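Spelled out, the chains give:
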Amino acid sequence: MEPIVWEWVNFLVRWLHVVTAIAWIGSSFYFIHLDLSLRRRDGLPNGVAGEAWQVHGGGFYNMMKYTVAPPELPEKLTWFKWEAYATWLSGFCLLSVLYYHGATLYMIDPAVLDIPWWGAVLLSLGALGLGWHVYDRLCKSPLGKDDVKLAAAGFVFLVLVAWGLSHLFSGRAAMLHVGALIGTMMSANVFRIIIPNQTKAVAAMKAGQVPDPALGKQAKQRSLHNNYLTLPVVFLMISNHYPLAFGTRYSWVIVAVVLVVGAVIRHFFNSRHAGKPTPWWTWAVAAAGVAVIVGLSAAGTRTESAAAPARVEFAQVEEVVLSRCSMCHAAQPVWEGIGVAPRGVMLDSAEAIGRHAPQIRVWAALSDAMPPGNVTGITPEERRLLAAWTDQLPR
């Protein structure tokens, strides 16, 4: 029963994580849109930066934003924070259930760094904690006074993190952890900066004082960071389902390109919401970036190997698959902790191997996603043999 229980725990925690993430991203996108669409007009109350009229669900809404705070604190004030907290907590639970519990399979690649499971977990926790600290220090440094310079420094930092993690974990875990770090940065922005600053502003008003405008400015900067990082973090979080993203030689470069693509797409919508000229060029940049990602994903695995023979016999392929893959991909898997064949793919017969040739090509030949953590020790030469076999099959 244990594998079945863990499978359902994984499923339910993932469901919770997706639901909370939708709530957080939705509210974040809405308020960025609202903030950028505010317009000034004569007759607005003192201290109001602008207003926006909106229609939804058959009703009209008149939204106003105060530059610092309203003259009087309203009796009821809605706080947007639990979405962020719940997203991070459910995400960390999912990280624990899937990656920490299955560190040998999903985090450790002996060809990259041969460490015990607890060492991988400690490296993961250290990367998340240290990563947030470095980002926070960058924001509070003199670079934080210039949004463009800070963005450039943040980009370089995240690319270096992606490169470093690719030398610590399996490709799947490395890319996922870049996403986990960005998610940690975003939720910590809410927990450590945005909400505390808003709390200080409310406390000042209750004491009959005028809140410090710097508090709102700092919170807005972190909120803007969260907005521009949302699309990249979603890509990174779902990347573990797509081996050509994480299991290839230049996965850390793919992370760098994704950061740019996500940022320019958000810039397009932010500019439109702000009433600025539409930056159509952003879609050209995004399309070029996607083309680069596709090209990088075709560069092969992280290990070099000699060229495979020009002609591959199926018996050679069958021997590799049965010895490296069928212990999990079978009607009755013999690998401890796996109750059913992953994704329902069985590779325990010649017919099944031939039927799943496209999946074998993507997961084990063009990428090193399978076997996870290379637990069965498939060699670079065997991967080239599988690639050559799939090349010679009719399309």
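Report follows, based on the coordinates. Source: prediction; values computed, not measured.

Criteria and thresholds
- Residues numbered from 1 in each chain as written.
- Predicted model: local features only at pLDDT ≥ 70, side-chain atom pairs only at ≥ 80, totals over all residues.
- Heavy atoms only, no water.
- Axes fitted to C-alpha atoms, helices over the stretch in contact; angles between N-to-C directions.
- Helix = DSSP H or I, 4+ residues; strand = E, 2+ residues; numbered from the N terminus.
- Left-handed = near helix turned anticlockwise from the far one by under 90°.
- Contact = heavy atoms within 4.5 Å.
- Nonpolar A, V, L, I, M, F, W, Y, C, P; charged D, E, K, R; others polar.
- Polar contact = N/O pair within 3.5 Å; in protein donor to acceptor, adjacent residues only side chain to side chain.
- Buried < 20%, exposed > 50% of the residue type's maximum accessible area, 1.4 Å probe, protein only.
- Salt bridge = Lys/Arg side-chain N within 4 Å of Asp/Glu carboxyl O.
- Expected span 1.5 Å × (residues − 1).
- Phe/Tyr/Trp six-rings, centres within 6.5 Å; stacked < 30°, edge-to-face > 60°.
- Lys NZ or Arg CZ within 6 Å of the ring centre and 35° of its normal.
- Patch = residues over 30% accessible without salt bridge, like charges linked within 9 Å, V, L, I, M, F, W, Y side chains within 5 Å.
- Areas by Shrake-Rupley, 256 points an atom, 1.4 Å probe, with all protein chains shown as cover.

Where helix H5 (residues 147–165) meets helix H6 (residues 171–206), the axes come as close as 9 Å, and the angle between the chain directions of the two elements is 145 degrees. Between H5 and H6 lies a crossing of right-handed hand. Residues Phe157, Leu158, Val161, Ala162 and Leu165 of H5 form the contact with H6, whose own contacting residues are Ala174, His177, Val178, Leu181, Ile182 and Met185. Looking at side-chain class alone, the contact of H5 with H6 contains ten nonpolar, one polar and no charged residues.

Next up on the list: the environment of Ser326. Looking at where Ser326 falls in the secondary structure, it is placed in the loop between helix H11 (314–324) and helix H12 (350–355). When the C-alpha positions of Ser326 and Ile353 are compared, they lie 9.7 Å apart, and in sequence the two are 27 residues distant. Within the structure, the side chain of Ser326 is placed 2.5 Å from the backbone oxygen of Leu322, a separation counted as a polar contact.

Attention now goes to the side chain of Ser37. Assignment of secondary structure puts Ser37 in helix H1 (residues 2–37). Judged by relative accessible area, which is 15%, Ser37 ranks as buried. Polar side-chain contacts of Ser37 include one of 3.0 Å to the backbone oxygen of His33. For Ser37, the side chain forms a polar contact with the main-chain oxygen of Leu34, separated by 3.1 Å. If we skip the residues at most four places from it in the chain, Ser37 touches Glu51, Ala52 and His273.

This part is about the pattern of salt bridges. For the coordinates displayed, the defined rule picks out nine salt bridges. Among the ionic pairs, Arg41 bridges to Glu51, the shortest N-O distance being 2.3 Å. Placement of Arg41 in the loop between H1 and strand S1 (48–56) and of Glu51 in strand S1 is noted, with a sequence separation of ten residues between them. We classify Glu51 as buried; its relative accessible area is 8%. For the salt bridge of Arg137 with Asp136, the shortest nitrogen-to-oxygen distance reads 3.7 Å. For Arg137, a relative accessible area of 42% corresponds to the partly exposed category. A single salt-bridge network, built from bridges that share partners, covers Asp136, Arg137, Lys140 and Arg222.

Over its 19 residues, helix H2 (residues 82–100) runs 25 Å from end to end, which matches the ideal 27 Å to within 8%, given 1.5 Å per residue. Within H2, burial applies to Ala84, Tyr85, Thr87, Ser90, Leu94, Leu95, Val97, Leu98, Tyr99 and Tyr100.

A word on the packing of aromatic side chains. With the rule as written, the count across this model stands at 14 aromatic pairs. Summarising the aromatic geometry, the rings of Trp82 and Tyr85 are spaced 5.6 Å apart at their centres and angled 90 degrees between planes, so their arrangement reads as edge-to-face. With Trp82 and Tyr85 both in helix H2, this residue pair falls three residues apart, about one helical turn. By relative accessible area, which is 15% here, Tyr85 ends up buried. Judged by centre distance (5.3 Å) and plane angle (50 degrees), the rings of Phe268 and Trp280 are tilted. Within this pair, whereas Phe268 is found in helix H9 (residues 251–273), its partner Trp280 is found in the loop between H9 and helix H10 (281–297), the two being separated by twelve residues in sequence. An aromatic cluster of three or more residues is present, and its members are Phe268, Phe269, Trp280 and Trp283. The ring of Phe29 has Arg266 sitting right over it, with the charged end atom 4.1 Å from the ring centre.

Among the surface-exposed residues, Ile4, Trp8, Phe11, Leu12, Trp15 and Val19 lie close enough to one another that they form a single nonpolar patch of about 670 Å² accessible area. Tracing the chain through its elements places Leu12 in helix H1. Since its relative accessible area comes to 47%, Leu12 is described here as partly exposed.

With that out of the way, let us pick up unusual backbone geometry. Most peptide bonds are trans, and most residues other than glycine sit at a negative phi. Cis geometry is adopted by the peptide bond preceding Pro371, which originates at Met370 and carries an omega value of -10 degrees. Although it is not a glycine, Arg343 adopts a positive phi angle of roughly 60 degrees. For Arg343, the location among the structural elements is in the loop between H11 and H12. One non-glycine residue, Asn374, lies in the positive phi region at around 45 degrees. By the secondary structure assignment, Asn374 is in the loop between helix H13 (357–365) and helix H14 (380–392).

In short, the description is geometric, and any link to function would need to be established separately.
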